[in-house]
Amino acid sequence: MGSCDPEPEPQKLYIETPCIPSAALSRAAGCNIFLKLENLQPSGSFKSRGVGHMMYQAMLSKPAGNVHFYCSSGGNAGLACATAAAVLSQPCTIVVPLTTAEHMMDKMRLLGAQVHQVGTHWALADAHLRSELLAQDPAGVYVPPFDHADIWAGVSRLVDELAPQLRPHAAHRVDAIVCNCGGGGLLNGVMEGVERNFAGKGGKPTVLAVETVGAESLNASVKAGALVTLPAITSIATSLGAQRVSERSFRWSQEAPYLKSLVVTDAEAVMGSVRFANDARMLVEVACGATIAIVYNGDLRKAMGGDELSDEEWSRKNVVVIVCGGSNVTLEILRNYQEKYGVK
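A few points on the structure.

What counts and what doesn't
- Residue numbers run consecutively from 1 along every chain, following the written order of its sequence.
- Where local features are concerned, this predicted model is filtered to residues with pLDDT of at least 70; where side-chain atom pairs are given and counted, the filter is 80 or more; whole-chain, interface and lining totals use all residues.
- Based on all heavy atoms of the structure, the side-chain values leave hydrogens and waters out of the count.
- Only runs of H or I of at least four residues qualify as helices and only runs of E of at least two qualify as strands under DSSP, and these elements are numbered from the N terminus.
- The globule rule used here is 2.2 Å times the number of residues to the 0.38 power, and the radius of gyration it is set against is calculated over C-alpha atoms.
- Residue burial is assigned from relative accessible area. The probe radius is 1.4 Å, only protein chains are included, and a residue is buried under 20% of its type maximum, exposed over 50%, and partly exposed in between.
- One requirement defines pairing of two strands: DSSP has to find at least two bridges between them.
- Angles shown run from 0 to 180 degrees and are taken between the N-to-C directions of axes, each axis being a line fitted to C-alpha atoms and, for helices, limited to the stretch in contact.
- The contact definition used throughout considers only heavy atoms, calling two residues in contact when any of these lie within 4.5 Å.
- Any angle from 65 to 115 degrees is called roughly perpendicular, while one under 35 is roughly parallel, one over 145 is roughly antiparallel, and all others are oblique.
- Left-handed describes a crossing whose near helix is turned anticlockwise from the far helix by less than a right angle; the clockwise case is right-handed.
- Residue polarity is assigned by list, with Asp, Glu, Lys and Arg as charged and Ala, Val, Leu, Ile, Met, Phe, Trp, Tyr, Cys and Pro as nonpolar; anything else, Gly included, falls into the polar class.
- Put simply, a salt bridge is a Lys or Arg side-chain nitrogen that is within 4 Å of an Asp or Glu carboxyl oxygen.

A count of helical and extended segments in the chain gives 15 helices and 10 strands. Relative to the compact-globule value of 20 Å for 344 residues, the chain shows a C-alpha radius of gyration of 19 Å, a close match. The C-alpha extent of the chain, read off along each of the three principal axes, is 60 × 45 × 40 Å. Split into buried and exposed, the 344 residues of the chain put 56% on the buried side.

Quick look at the sheet that holds strand E7 (residues 176-180) now. In space, the 6 strands of this open sheet follow the order E1-E2-E10-E7-E8-E9, with mixed pairing throughout. Only two strands of the sheet have a single partner each, and these edge strands are strand E1 (19-21) and strand E9 (259-264). Averaged over neighbouring strand pairs, the angle between their axes works out to 25° when direction is ignored. Pairing geometry for strand E8 (residues 206-212) and E9, over 6 bridges, is parallel. Bridging from a neighbouring strand, Leu 208 pairs with Lys 260 of E9. On the sheet, helix H12 (residues 286-296) packs against strand E2 (32-37), E7, E8, E9 and strand E10 (318-323) and is oriented at approximately 145° with respect to E7.

Remark: helix H2 (residues 47-61) packs on helix H6 (residues 149-160), axes separated minimally by 7 Å, with the N-to-C direction vectors making an angle of 130°. Relative to H6, the element H2 lies oblique. Note on packing geometry: the crossing formed by H2 with H6 is right-handed. Residues Arg 49, Gly 50, Val 51, His 53, Met 54 and Gln 57 of H2 touch H6, and the partners they reach there are Asp 150, Ile 151, Ala 153, Gly 154, Val 155, Arg 157 and Leu 158. Classifying every residue of the contact of H2 with H6 gives 6 nonpolar, 4 polar and 3 charged.

The next subject is the packing of helix H11 (residues 266-280) against H12. Contact pair H11 / H12: the axes reach a minimum separation of 6 Å and the direction vectors enclose 80°. When the axes of H11 and H12 are compared, the pair comes out roughly perpendicular. Every residue of H12 that contacts H11 at Glu 268, Ala 269, Val 270, Met 271, Gly 272, Ser 273, Arg 275, Phe 276 and Asp 279 is listed here: Val 286, Gly 289, Ala 290, Ile 292, Ala 293 and Tyr 296. Grouping the constituent residues of the contact of H11 with H12 by class yields 9 nonpolar, 3 polar and 3 charged.

Bringing the pattern of salt bridges into the picture now. Under the defined criterion, the tally for this structure stands at 13 salt bridges. Between Glu 102 and Arg 109 there is a salt bridge; the shortest N-O distance is 3.5 Å. Between Arg 248 and Glu 255 there is a salt bridge whose closest N-O contact spans 3.5 Å. Its relative accessible area of 16% is what places Arg 248 among the buried residues.

Where strands meet in a sheet, backbone hydrogen bonds hold them as pairs that are either parallel or antiparallel. Strand order in the open sheet formed by 4 strands is E5-E4-E3-E6, with parallel pairing between adjacent strands. With one partner strand each, in any of the chains shown, strand E5 (114-117) and strand E6 (140-142) form the two edges of the open sheet. Strand-to-strand twist of the sheet, defined as the mean angle between neighbouring strand axes without regard to direction, takes the value 20°. For strand E3 (residues 68-71) and E6, the ladder comprises 3 bridges, and the chain directions are parallel. Bridged to His 68 within E6 is Gly 140. Docked against the sheet, helix H4 (residues 102-110) engages strand E4 (92-96) and E5, running at close to 150° with respect to E5. The sheet contacts of helix H5 (residues 122-133) involve E3, E4 and E6, and relative to E4 the element is tilted by about 140°.

As a further point, take the environment of Ser 89. Structurally, Ser 89 is set in the loop between helix H3 (76-88) and E4. In this structure, the C-alpha to C-alpha distance between Ser 89 and Gly 326, residues 237 residues apart in sequence, is 23 Å.

Attention now moves to the environment of Arg 275. Inspection of the secondary structure puts Arg 275 in helix H11. Residue class for Arg 275 comes out partly exposed when judged on its relative accessible area of 32%. Distance in space between the C-alpha atoms of Arg 275 and Gln 254 is 33 Å, their sequence separation being 21 residues. Dropping the residues within four chain positions of it, Arg 275 is found in contact with Ala 28 and Tyr 296.

Note that every value here comes from positions in space, so none of it alone points to a role or purpose.
In structure tokens form, the structure reads like this:
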């Protein structure tokens, strides 16, 4: 899929996703909103890009090309690992904590993954995977959920796709890219892609990294001017639940003046998912709803200049919203959140 690879990657590892204009979200925001539909990836989230690319590179590095992949994510990274392993015809083992939903484990098993449930939280599951399984397997390859250069490289390609996809819509400039931030895999990839694709005279788009209250490890680090480890994850957006953001993400926040950190509440994240389901007829996790929420709640315009821009100036702005997707969502889950937070 890219000239940087020793040979083309299997097309089914991930796809070039559509980037489409949204009349409903554009009306809500007051500017031109384009949806980069990463929820259509084979695993249901953007994780297919980075995890798939990392796994393929790891397989190429083995003399015989035979590996056994190990991942400790009970969420979208684990599902992406299982999906990619099936495409590559290689075995994989996923170790998940006891808090992992049954429907997520069922999806991994359906793809042929061996699933072990160990420990009350991710760190215990990860420790078990490393000491009891990976350490005993000479063909074993550890697949991290977000903190790996090959993962960022794979994700960065979504930015490569934007210009040709937006051109037919007369959007010759990208003013902003909106994504969420958990551990930083998506953000790091977006930043790499921006640096590669927007080095010319037109300037770089603003990148808005959105987190939820109770999972805002990047925002806390930005405010402190140093990497901060959150005492706990209290947000319902568990896919954003990295207590400590990757070091590379923090460095981007210090190096790139065009990167801004935003935080929304869990209620706003639920609102984003609910309104997106109504407007776009797509179901996404509340972690993804956090990204979309700033389109609806006015934070997008505030972050892009607010009152400094006239309505006419704002209406001409082109904003790409990365719909990262996520599989840990059902109608029942979303309805329960709706009721809990009073979202209509």
